[in-house]
Amino acid sequence: MKINPDRIIIFDTTLRDGEQSPGATLNVEEKLTIARQLAKLGVDVIEAGFPYASAGDFEAVNKIAEQVGVEGGPIICALARATYHDIEAAAQALKPAAHPRIHTFIATSDIHLEYKLKKTRAEVLAITEEMVSYAKSFVDDVEFSPEDAVRTEPAFLYEVLEKAIAAGATTVNIPDTVGYTTPSEFGALIRSIKENVRNIDQAIISVHGHNDLGLAVANFLEAIKNGARQLECTINGIGERAGNAALEELVMALHVRRQYFNPFLGRPPESEEPLTNIDTRQIYKTSRLVSNLTGILVQPNKAIVGANAFAHESGIHQDGVLKNRLTYEIMDAQSIGLTENKIVLGKHSGRHAFQTRLKELGFELSENELNKAFVKFKAVADKKKEITDWDLESIVNDEIQQPPELFRLELVQVSCGNHSRPTATVTLRTPSGEELTDAAIGTGPVDAVYRAINRVVNVPNELIEFSVQSVTAGIDAIGEVTIRLRHGERIFSGHAANTDIIVASAHAYVNALNRLYAALQKQEADKKPTTAAVAQ
Ligand code: KIV
Ligand code: ZN
């Protein structure tokens, strides 16, 4: 795929840097689901993982390369430190991709050289040249990052970038690894790179930045004004520590303020041509998917995708919006794919109406997924008179984003109140097909349910986060429960929706336990030698 440098290239690193968020562990299937949605969203590059880091990462990059990195699809990128084994693993994992990219990096700031790498500048220069050339021996499309570029002495940074380009790097990325820079300073750095690095016009300048001071998006916008053409970002801004620059904020800033940014890309201000390839109507759906699968909730006041981003609370604002939307709104909720929350279906709606509305909302379900979602829809419609688009979205996400069903919740029943001790009874079907029932007392009904489930599943874990959000207003609203639990060093998330929040809580917990259980099974399987390995 040819990338047009006259517009901004969106490089999504949700599956690599985003997955480095504390607790955001995704399994291979979940990564594939997100990668497919990123392709629908229209990102130019998907950084799918770090293949040398683990067998799971290798497999995820490989499957994404095969199933999403098709002809006409996005570039699939894999991260590699500047070492032979990392680059070989990246090249291997990327083999099925129609448009593969290897992204190799080495730190260049003095503090990293002295304490982390224990290398001299001359050594780093030599490694850069050698490893970019090595990556180039596998793929044409090579990206190079001088890690901690912002804190690197500029003259040395120019030298490293020059070497990388001479060795074949087609993109040079400037990371603000520690989220330290400020907008005007970062803009000036990008300009100085353009002015001081020989042959810089042979590569695309990319930016990557963390949000430790809350400035990542502002820094990137200033970088564009000074010549950067690729933005490395994540959905909902997730990522290492305070996260990365948020894709949805960058894209909507470029969309809403196109007239302001057009001239920096050599266009007349009034040009209508989009500045990115993103289908903005897919933003909301992608945000929800990433939040549901990672278990990382979006804060209500988060720009663009927060629950309050399009809500007007003050009477003066509501009055203004009713008179003319533009009095208090700079963008239309529908431009990010938020549908009007109108009543669409009810308990008499048939399968055809259900399927048609889902299609209109952009959901393409397999026959099996549609069947499951329809059963769930009927169950919800029995309890809730009016089903809105938001309810539908919650129902579908709940049905199709489920982890493998190893344990299945068959029954949950609680008794609680101000004069009784909260007690729960649960029945679970185990992976071997047995039905087991147990009961427990807890500090509250959810605690009692979780204790009862634990007695059946019997895998040690610590619940570290529990949250309930309602999808719509009203007493019969669907409640969405998101939980995260810890097992040793690893964190697993679970998500479920139901009009009964105790039932949703039980399902969310079983989902998280299924993820944990599957990971333990995989760990066991990885320990056993395969027949092929034994035969060698
Ligand atoms: O933050 C960082 O420096 C990185 C690099 C690997 C690009 O994530
Ligand atoms: Zn990073």
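Note that the structure is a prediction, hence the values are computed from the model and not measured.

How each quantity is defined
Residues numbered from 1 in each chain as written. Chains lettered and ligands numbered in written order. Predicted model: local features only at pLDDT ≥ 70, side-chain atom pairs only at ≥ 80, totals over all residues. Heavy atoms only, no water. Helix = DSSP H or I, 4+ residues; strand = E, 2+ residues; numbered from the N terminus. Rg over C-alpha atoms; globule rule 2.2 N^0.38 Å. Contact = heavy atoms within 4.5 Å. Lys, Arg positive; Asp, Glu negative; His and termini not counted. Charge placed at Lys NZ, Arg CZ, Asp CG, Glu CD. 1 Å grid on protein atoms, 1.4 Å probe; cavity = no way out; pocket = protein on both sides within 12 Å on 5 of 7 lines; lining within 4 Å. Points joined across faces, edges and corners; volume = space filled by probe spheres on them. Nonpolar A, V, L, I, M, F, W, Y, C, P; charged D, E, K, R; others polar. Near = heavy atom within 4 Å. Polar contact = N/O pair within 3.5 Å; in protein donor to acceptor, adjacent residues only side chain to side chain. Areas by Shrake-Rupley, 256 points an atom, 1.4 Å probe, with all protein chains shown as cover. Patch = residues over 30% accessible without salt bridge, like charges linked within 9 Å, V, L, I, M, F, W, Y side chains within 5 Å. Salt bridge = Lys/Arg side-chain N within 4 Å of Asp/Glu carboxyl O. Pairing = 2+ DSSP bridges. Axes fitted to C-alpha atoms, helices over the stretch in contact; angles between N-to-C directions. Buried < 20%, exposed > 50% of the residue type's maximum accessible area, 1.4 Å probe, protein only.

A. Local environment of the overall build of the chain. Looking only at helices and strands, one finds 18 helices and 16 strands in the chain. For a compact globule of 536 residues, the expected C-alpha radius of gyration is about 24 Å, and the chain comes in at 25 Å, within 12% of that figure. Based on the C-alpha atoms only, the size of the chain along its principal axes is roughly 75 × 75 × 45 Å. Residue pairs at least 24 apart in sequence account for 66% of intrachain contacts in the chain once pairs closer than 6 positions are excluded. Of note, the chain has its 55 positive side-chain charges centred 3 Å away from the centre of its 71 negative side-chain charges.

B. Inspection of the layout of surface pockets at higher detail. Taken as a whole, the second largest pocket encloses approximately 940 Å³ of empty space. If you go around the second largest pocket, you meet 35 residues; those closest to its centre are Tyr284, Gly306, Ala307, Leu338 and Trp390. Contributing elements (two or more residues each) for the lining of the second largest pocket: helix 11 (283–294), helix 12 (315–323), helix 15 (389–400), strand 14 (462–470) and strand 15 (479–487). Looking at the lining of the second largest pocket element by element, the count peaks at five residues for helix 11. The residue inventory of the lining of the second largest pocket, partitioned by class, reads 15 nonpolar, 13 polar and seven charged.

C. Looking closely at the site of ligand 1. Contacts to ligand 1 come from Arg16, Asp17, His103, Phe105, Ser145, Glu147, Asn173, Pro175, Thr177, His208 and His210. Within the contact set of ligand 1, an oxygen atom lies 3.0 Å away from a side-chain nitrogen or oxygen of Arg16. Residue Asp17 places a side-chain N or O atom 3.1 Å away from an oxygen atom belonging to ligand 1. Protein coverage of the free-state accessible area of ligand 1, which is 260 Å², stands at 94%. Sorting the residues of the shell around ligand 1 by element identifies strand 4 (100–107), strand 5 (141–147) and strand 6 (171–176) as the ones contributing at least two each. Along the lines of polarity and charge, the residues of the shell around ligand 1 split into two nonpolar, six polar and three charged.

D. Molecular detail of a nonpolar patch on the surface. On the surface, Leu463, Phe466, Val468 and Ile501 cluster together into a nonpolar patch covering about 300 Å² of accessible area. Relative to the assigned elements, Leu463 resides in strand 14.

E. The arrangement of empty space enclosed by the protein in detail. Under the definition given, this model contains one cavity of 30 Å³ or more. In this structure, the largest cavity spans a volume of roughly 50 Å³. Taken together, Asn292, Leu293, Asn397, Asp398, Gln401, Gln402, Pro403, His495, Asn511 and Arg515 make up the full set of residues lining the largest cavity. Those elements giving two or more residues to the lining of the largest cavity turn out to be helix 11, helix 15 and helix 17 (501–527). Here the lining of the largest cavity is composed, by residue class, of two nonpolar, six polar and two charged.

F. The arrangement of the pattern of salt bridges in detail. Inspection of every chain in the model, using the stated rule, returns 37 salt bridges. Here Glu367 and Arg351 are joined by a salt bridge, their closest N and O atoms 2.9 Å apart. Residue Glu367 is found in helix 14 (residues 367–383), and its partner Arg351 is found in helix 13 (residues 351–360); the two are separated by 16 residues along the sequence. Salt bridges linked by common partners bring Glu405, Arg408, Glu410, Arg429 and Glu435 together as one network.

G. Quick look at the sheet that holds strand 4. Around the barrel, which closes on itself, the eight strands sit in the order 1-2-3-4-5-6-7-8 with parallel pairing between neighbours. Within the sheet, the average angular offset between the axes of one strand and its neighbour, ignoring direction, is 25°. By the bridge criterion, six bridges tie strand 6 to strand 7 (residues 204–209) in an arrangement that is parallel. Among the inter-strand pairings, Thr171 is bridged to a residue of strand 7, identified as Ile204. Contacts between helix 5 (residues 121–136) and the sheet are confined to strand 4 and strand 5, with strand 4 contributing the most and set at about 170° to the helix. Seen against the sheet, helix 7 (residues 183–196) touches strand 6 and strand 7 and runs at an angle of roughly 155° to strand 7.

H. Region of interest: the environment of Glu249. Mapping Glu249 onto the fold places it in helix 9 (residues 247–256). Residue Glu249 is classed as partly exposed on the basis of its relative accessible area of 22%. Look past the residues within four positions of Glu249 in its chain and what remains in contact with it is Val217, Lys302, Ala303 and Ile304. For Glu249, the side chain forms a polar contact with the side chain of Lys302, separated by 2.5 Å.

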